[in-house]
Amino acid sequence: MRLLLLSNSTNAGEEYLAWAKEPIKDFLGNRPSSILFIPYAAVRFDYEAYETKVNAVFSEMGYTVQSIHRTPNPIQAVEKAEAIVVGGGNTWRLLQMMRKQCLFPSIKSKVASGTPYIGWSAGSNVACPSIKTTNDMPVVDPRGFNALNLVPFQINPHFLDVHPEGFGGETREDRILEFIELNPQTCVLGLREGCLLKREGDALKLIGSKTMRLFRNGWITREVSPGEDLSFLLKNAP
């Protein structure tokens, strides 16, 4: 199983996906000829515009992507794909549309057989057992929280440590601590902007310019540095 799970698409002051080009190219290698893009997380922009934006970046790296919305048979498109890319946006909408198109079995089968999977933000959320640690508002009802379960832990993309002066609500960390209190066997990885996880078979490591935060009930919450081996988190993984 080969996964590249990014926290975000754009770092402040940079071009779209600029920070991730090198790890994406390293991950994909010799130009797969059929990269399938899943744009269903888009809400305030259309799929054509999303495809154009993503394709502009991937073409600079020597790849071409085609959006799944262009095919009359989405399941068949997944089955033929040499790589699968799932974009960010609203996780609830993404999950709803993936379920509507009955894509879960075919994506899980393809990824299990070695087809590379790249996701950012919402695309990383749906690689987890559920979408319960997304930051997005539930703008639609996806008929359940369960997701692709490609990894045995949860991700919180765009993780922030900020607690603004005068703010009386819960911080991001507070919310994650609530999750692990009620889901004590599940780790949550707080991915800051500029972080990504790379899985190659039974090996998992953090890549990028920032540390991430690792949460699990009964563990001391700690920082994880780029390059650190996280393969132990894949124990009992799919």
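To start, this report covers the structure provided alongside it. (Residues numbered from 1 in each chain as written. Predicted model: local features only at pLDDT ≥ 70, side-chain atom pairs only at ≥ 80, totals over all residues. Heavy atoms only, no water.)

## Examining the sheet that holds strand β11 (residues 222-224)
Here's step 1: Overall, mixed pairing links the four strands, which are arranged β6-β7-β10-β11 in an open sheet. The open sheet has two free edges, formed respectively by β6 (154-156) and β11, since each of these has just one partner strand. Taking the axes of each pair of neighbouring strands and ignoring which way they run, one obtains an average angle of 30° across the sheet.
Here's step 2: Two elements, β6 and strand β7 (residues 188-190), share three bridges in a ladder whose sense is parallel. Residue pairing in the sheet places Q154 in a bridge with V188 of β7.
Here's step 3: Against the sheet, helix α7 (residues 172-182) makes contact with β6, β7 and β10 (212-215), and its axis sits at roughly 30° relative to β10, the strand it touches most. (Pairing = 2+ DSSP bridges. Helix = DSSP H or I, 4+ residues; strand = E, 2+ residues; numbered from the N terminus. Axes fitted to C-alpha atoms, helices over the stretch in contact; angles between N-to-C directions. Contact = heavy atoms within 4.5 Å.)

## Quick notes on the pattern of salt bridges
Here's step 1: Going through the model one piece at a time under the given rule, you end up with 12 salt bridges.
Here's step 2: Ionic pairing is found between E170 and R175, a salt bridge with its closest N-O pair at 3.1 Å.
Here's step 3: Among the residues examined, E170 registers a relative accessible area of 40% and is labelled partly exposed.
Here's step 4: Between E178 and R175 there is a salt bridge whose closest N-O contact spans 3.2 Å. Note that E178 and R175 are positioned in helix α7 at a spacing of three residues, about one turn of the helix.
Here's step 5: Judged by relative accessible area, which is 38%, E178 ranks as partly exposed.
Here's step 6: For R175, a relative accessible area of 44% corresponds to the partly exposed category.
Here's step 7: A cluster of three or more residues bridged by salt bridges with shared partners is formed by D161, E173, R192, R213 and E223. (Salt bridge = Lys/Arg side-chain N within 4 Å of Asp/Glu carboxyl O. Buried < 20%, exposed > 50% of the residue type's maximum accessible area, 1.4 Å probe, protein only.)

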